[in-house]
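# Notes for the structure review
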Amino acid sequence: MSKTFNSIGTMSGTSFDGIDVSLATTDGEDVFHNHYNLYEKFNNELKNNLKKLKNSIKNPEDLIEIKKTKLFIETEDKVTNLHIKLIKELILKSKNEVNLIGFHGITLFHDAKKQFTYQLGNTEKLSKELKIPIVYNFRQNDLKHGGQGAPLAPVFHEFILQQLKNKNLDAVVNIGGISNISYIQNDKLFATDIGPGNCLLDEWSKIFFNIDYDKDGEKSLTSKPDLIVANNYIDRFSFNENTSYDFNDFSISEFRSLEKDVGLATLSYITANLILTFLNEKKINKILISGGGRKNKAIMNYLKDRAFDIDEFNYDGDFIESQAFAYLAARSANKLPITFPDTTGVANPMSGGEIKKA
């Protein structure tokens, strides 16, 4: 029988917007009760420094020198300290003793072909300050055994779909920087990245509107998309195998000839219609949407009656990934698999995560 933990999960995505943390009671299988969620936004300096570090790493060898730089040392320290601050806030809120932390860190480099991934964050300092077992480095074991090392949330998405099985929902789509999907067919769990989610939209918003993102999709709704440009882009995607994308796989360069309003509308159309194309190819009907993209009314309008905001089912769509890492930490501690052949392409169901004892 699996042990139940009061587990804190952390997540900071590659959009570098901030840190999500969630506290839940879970055994990583059938038990999951979320108690609290917290978010802290990164200031512009920290966000820019993270982007500089990420953009300076082109291969695993680059890390050796970059880790010696003042920029790396100071940035890692700030990120680690923010995690410690938020985790301590959750511990103070908890009525019960917190006995496990699932620490994802911030992905600065991920290359499945080279079987290498690197997440920023000082686990030594976390362990010393918090004195609670830390589960970290969730992706490496999957990469080592031939998987993509991503996505990791599908087994938690499967749990959510099982809890809502009377609602006839087929999948969970997370629209973060990248859109990814977890779906069940013939009692098997599948997952893959689909394509750009918010990453191109956010970049366009920053360059042409000087805003971090298109709040609620308001600006995207003011124009019609260029369907020729959009469909030419969508036609280049293939959904025949497990795929893991990084922001650097996509560029706004080919859309720069568009007027700024049309460009934003076109990118929203692309995000939504890549999802619809995938659903139609795989014969998936109704889906739950989590992540920031669910708040973009332009995207949700295109998805229409195929998609439902996960918030409608008593889940907080802003914290699904941090909740997932609370769940995954418990799975790791209970020596249960966290990745599977049809989620990451790994050869066999695979455990993951290293545990640093307190």
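Everything in this summary refers to the structure shown in the same document. Fair warning: this is a prediction, and the values are worked out from it, not measured in the lab. (Residues numbered from 1 in each chain as written. Predicted model: local features only at pLDDT ≥ 70, side-chain atom pairs only at ≥ 80, totals over all residues. Heavy atoms only, no water.)

## Topic: the packing of helix α3 (residues 70-93) against helix α4 (residues 123-130)
Packing of α3 against α4 leaves a shortest axis separation of 10 Å and a crossing angle of 30°. In terms of orientation, α3 and α4 fall into the roughly parallel class. Along this stretch, α3 crosses α4, giving a crossing that reads as right-handed. Seen from α3, the contacting residues are Asp 77, Thr 80, Asn 81, His 83, Ile 84, Ile 87, Lys 88 and Ile 91; seen from α4, they are Lys 125, Leu 126, Glu 129 and Leu 130. (Axes fitted to C-alpha atoms, helices over the stretch in contact; angles between N-to-C directions. Helix = DSSP H or I, 4+ residues; strand = E, 2+ residues; numbered from the N terminus. Parallel < 35°, antiparallel > 145°, perpendicular 65-115°, else oblique. Left-handed = near helix turned anticlockwise from the far one by under 90°. Contact = heavy atoms within 4.5 Å.)

## Topic: the layout of surface pockets
Of the volumes computed, that of the second largest pocket is approximately 170 Å³. Lining the second largest pocket we find Glu 76, Phe 103, His 104, Tyr 118, Gln 119, Gly 121, Asn 122, Thr 123, Glu 124, Tyr 136 and Asn 137. Counting only elements with at least two residues in the lining of the second largest pocket, the list comes to β6 (116-120) and α4. (1 Å grid on protein atoms, 1.4 Å probe; cavity = no way out; pocket = protein on both sides within 12 Å on 5 of 7 lines; lining within 4 Å. Points joined across faces, edges and corners; volume = space filled by probe spheres on them.)

## Structural notes on helix α8 (residues 227-234)
Inspection of α8 places Ala 230, Tyr 233 and Ile 234 among the buried residues, and these make up the whole buried set. In an axial view of α8, the angular spread of the buried residues amounts to 100°, which keeps them on one side of the axis. Where α8 is buried, its residues contact β10 (188-196), α7 (199-209) and α9 (260-282). Sitting at the amino-terminal end of α8 is Asp 226, which places a side-chain oxygen 3.2 Å from the backbone nitrogen of Ile 228. (Buried < 20%, exposed > 50% of the residue type's maximum accessible area, 1.4 Å probe, protein only. Arc of directions from axis to C-beta. Polar contact = N/O pair within 3.5 Å; in protein donor to acceptor, adjacent residues only side chain to side chain.)

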